[in-house]
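Chain by chain, the residues:
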Amino acid sequence: MNTPTVLTARATPRSEAPAQPRCAPPWRAPAIVLAAGALACLLLPDQLGLLTRIFIAALLVLSLDLVVGIAGLATLGHAALFGVGAYAAGIFALKVMPDPLLGLAVGVAAGAALALASGAFLLRYQGFTFLMLTVAVAQIVLSLAQKARDWTGADDGLSGFAVAPLLGRFAFDLEGRVAAWYALAVLVLAPYLLSRLVNSPFGLAVRGIHENRARMAALGTPIYGRLLAMYTVAGAVAGAAGALSAQTNAVVGLDSLSFALSAEVLVMLILGGAGRLYGAVIGTVVFTLLHHTAASINPYHWLFVVGFLLMGVVLLPPARVAAFLRRRLGGPR
């Protein structure tokens, strides 16, 4: 007589439970930026001007990442948001009050206002039409800055303004120490706030629009409103970068509105990787140091080096290279 087989369910040990994906805490990237930036300022006191440029450019590229990497909107007119913030902060310091923090807030407001006003029109279009319209908006802003000579100085630039001591105690010195730490502080604060924004339900909705606009629309997501809000936030961050540039250099030129600047920051973003926020900082450091080094060796042909590096990044994306190295080293795929 056969004995019936009794099947018993075996409890899955806790150790065999599928691992849950872990998200990096929002303070990790700002902490790394703060440590690296502070170390650079302490070890390279003769290069504080270059470091300040890197911090401000990284903030600008970070704002571009919100538009290109997170929202999926290709733009070549991002310099307009930067330039408006720079001119607004400079004019505020010249005609109203030289306080740097209030000037920074004015730059943020100016960048956000331009992004809101232009985005209300631009975001009704997609693809190549949107791309060309961003260029058109930037050229219109540049033309207005050239004609408003009494306010912007036109081709001579906006100058003659001084910035008051930061917090009433730290005066901007010729060595650039206060400027470097001031720019670094803003750069550290921005990734923390933006990472919280990007990982919020609002930010995830914008990522979803980037990946599949039709599906998000079918789910009832207000596509236009979400994109306009993200574009406005990006304008505010770009305006902050422009205000920092005006305050630390004490001059604003028309090149802050140029097409060349828009193209440069896009190259920086591509080098570092779009859609990851920290890629903006990496790309800015690589591009600026490469520019500084190659231009000192050969000031006429340094763009060849950048071109070859950009081709390498496009043909061999960092994610693919990292996966290849993990396979070769026997690590997890």
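Predicted model, so just to flag it, every value in this text is computed and none were measured.

Rules of the game
Residues numbered from 1 in each chain as written. Predicted model: local features only at pLDDT ≥ 70, side-chain atom pairs only at ≥ 80, totals over all residues. Heavy atoms only, no water. Helix = DSSP H or I, 4+ residues; strand = E, 2+ residues; numbered from the N terminus. Buried < 20%, exposed > 50% of the residue type's maximum accessible area, 1.4 Å probe, protein only. Contact = heavy atoms within 4.5 Å. Areas by Shrake-Rupley, 256 points an atom, 1.4 Å probe, with all protein chains shown as cover. pLDDT = per-residue confidence, 0-100. Polar contact = N/O pair within 3.5 Å; in protein donor to acceptor, adjacent residues only side chain to side chain. Expected span 1.5 Å × (residues − 1). Core = buried A, V, L, I, M, F, W, Y, C linked by side-chain atoms within 4.5 Å. Patch = residues over 30% accessible without salt bridge, like charges linked within 9 Å, V, L, I, M, F, W, Y side chains within 5 Å. Salt bridge = Lys/Arg side-chain N within 4 Å of Asp/Glu carboxyl O. Phe/Tyr/Trp six-rings, centres within 6.5 Å; stacked < 30°, edge-to-face > 60°.

Peer 1: How would you explain the overall build of the protein chain if you had to name every residue and give the values?
Peer 2: Regarding its fold elements, the protein chain presents 14 helices and zero strands. Overall, the protein chain shows an N-to-C arrangement of helices and strands of α-α-α-α-α-α-α-α-α-α-α-α-α-α. Counting over 333 residues, the protein chain shows a buried share of 44%. Put simply, 76% of the contacts in the protein chain that link residues at least 6 apart link residues at least 24 apart. Total accessible area computed for the protein chain in this model is approximately 18300 Å², and 66% of it derives from carbon and sulfur atoms.

Peer 1: Run through the confidence of the model for the protein chain, naming residues and quoting values.
Peer 2: Per-residue confidence for the protein chain gives a mean pLDDT of 83, with 87% of residues at or over 70. Low pLDDT, under 50, characterises residues 3-21; the stretch is placed with one contact to residues that sit more than four places away or in other chains.

Peer 1: Outline the side chain of Thr288, supporting the account with residue identities and numerical values.
Peer 2: If you trace the backbone, Thr288 turns up in helix α12 (residues 278-297). Among the polar contacts listed, one links the side chain of Thr288 to the backbone oxygen of Thr284, at a separation of 2.7 Å.

Peer 1: Residues and numbers for helix α2 (residues 48-70), please.
Peer 2: Across its 23 residues, α2 extends 31 Å between first and last C-alpha, which sits within 8% of the 33 Å expected from 1.5 Å per residue. For α2, the tally of buried residues reaches 21 of 23 residues, placing the bulk of the element in the interior. Two residues or fewer after α2 comes Gly72, characterised by a positive phi angle close to 75°.

Peer 1: Residues and numbers for unusual backbone geometry, please.
Peer 2: Here the phi dihedral of Ala154 falls at roughly 50°; this positive angle occurs in a residue that is not glycine. With respect to the helices and strands, the residue Ala154 is situated in the loop between α6 (149-152) and α7 (177-198). Unusually for a residue other than glycine, Leu277 sits at a positive phi of about 65°. On the secondary structure map, Leu277 appears in the loop between α11 (259-272) and α12. Taking the relative accessible area as the measure of exposure, Leu277 reaches 11% and is therefore buried.

Peer 1: Tell me about the nonpolar core, and name the residues and values.
Peer 2: Counting 89 residues, the largest nonpolar core has Leu59, Leu66 and Leu227 as the members making the most contacts within it. No other element matches α2, which puts 17 residues into this core. Excluding its chain neighbours within four sequence positions, the residues that come into contact with Leu227 are Ala71, Leu73, Leu123, Val206, Ile209 and Arg213.

Peer 1: How would you sum up a nonpolar patch on the surface? Please name residues and give values.
Peer 2: On the surface, a nonpolar cluster with roughly 530 Å² of combined accessible area is contributed by Leu39, Leu42, Leu43, Leu44 and Trp181. With three residues, helix α1 (residues 28-43) is the largest single contributor of residues to the nonpolar patch. With respect to the helices and strands, the residue Trp181 is situated in helix α7. Residue Trp181 is classed as partly exposed on the basis of its relative accessible area of 37%.

Peer 1: Lay out the side chain of Thr284 with the relevant residues and their values.
Peer 2: Mapped onto the elements, Thr284 comes out in helix α12. The exposure class assigned to Thr284 is buried, which follows from its relative accessible area of 0%. Excluding residues that lie within four positions of it along the chain, Thr284 makes contacts with Ile54, Ala57, Ala58, Val61 and Met268.

Peer 1: Break down the packing of aromatic side chains for me, citing the residues and quoting the values.
Peer 2: On inspection of all chains with the given rule, the structure shows two aromatic pairs. Their ring planes at 65° and their centres at 5.5 Å tell us that Phe121 and Tyr125 sit as a pair that is edge-to-face. Aromatic side chains Phe172 and Tyr182 sit 5.9 Å apart centroid to centroid with 70° between the ring planes, which places their arrangement in the edge-to-face category. Placement of Phe172 in the loop between α6 and α7 and of Tyr182 in helix α7 is noted, with a sequence separation of ten residues between them. Of the residues examined, Phe172 reaches a relative accessible area of 23% and is grouped as partly exposed. Owing to a relative accessible area of 5%, Tyr182 belongs among the buried residues under this scheme.

Peer 1: So, the environment of Leu174: which residues are in play, and what are the values?
Peer 2: Positionally, Leu174 belongs in the loop between α6 and α7. The exposed category is assigned to Leu174, whose relative accessible area is 88%. Residues Leu174 and Gly49, 125 residues apart in the sequence, show an inter-C-alpha distance of 9.7 Å.

Peer 1: Just give me the short version of helix α8 (residues 201-211), but keep the residues and values in it.
Peer 2: Along α8, the positions that sit buried rather than exposed are Gly203, Ala205, Val206, Gly208 and Ile209. Lining the buried residues of α8 we find α2, α7, α9 (213-218) and α10 (223-249).

Peer 1: So, the environment of Leu122: which residues are in play, and what are the values?
Peer 2: Of note, Leu122 is situated in helix α4 (residues 100-122). Take Leu122: its relative accessible area is 1%, and that puts it in the buried class. Each C-alpha atom, one on Leu122 and one on Leu133, is 6.7 Å from the other, the two residues being eleven residues apart in sequence. Sequence-distant contacts of Leu122, defined by excluding residues within four places in its chain, comprise Phe130, Leu133, Thr134, Val137 and Tyr231.

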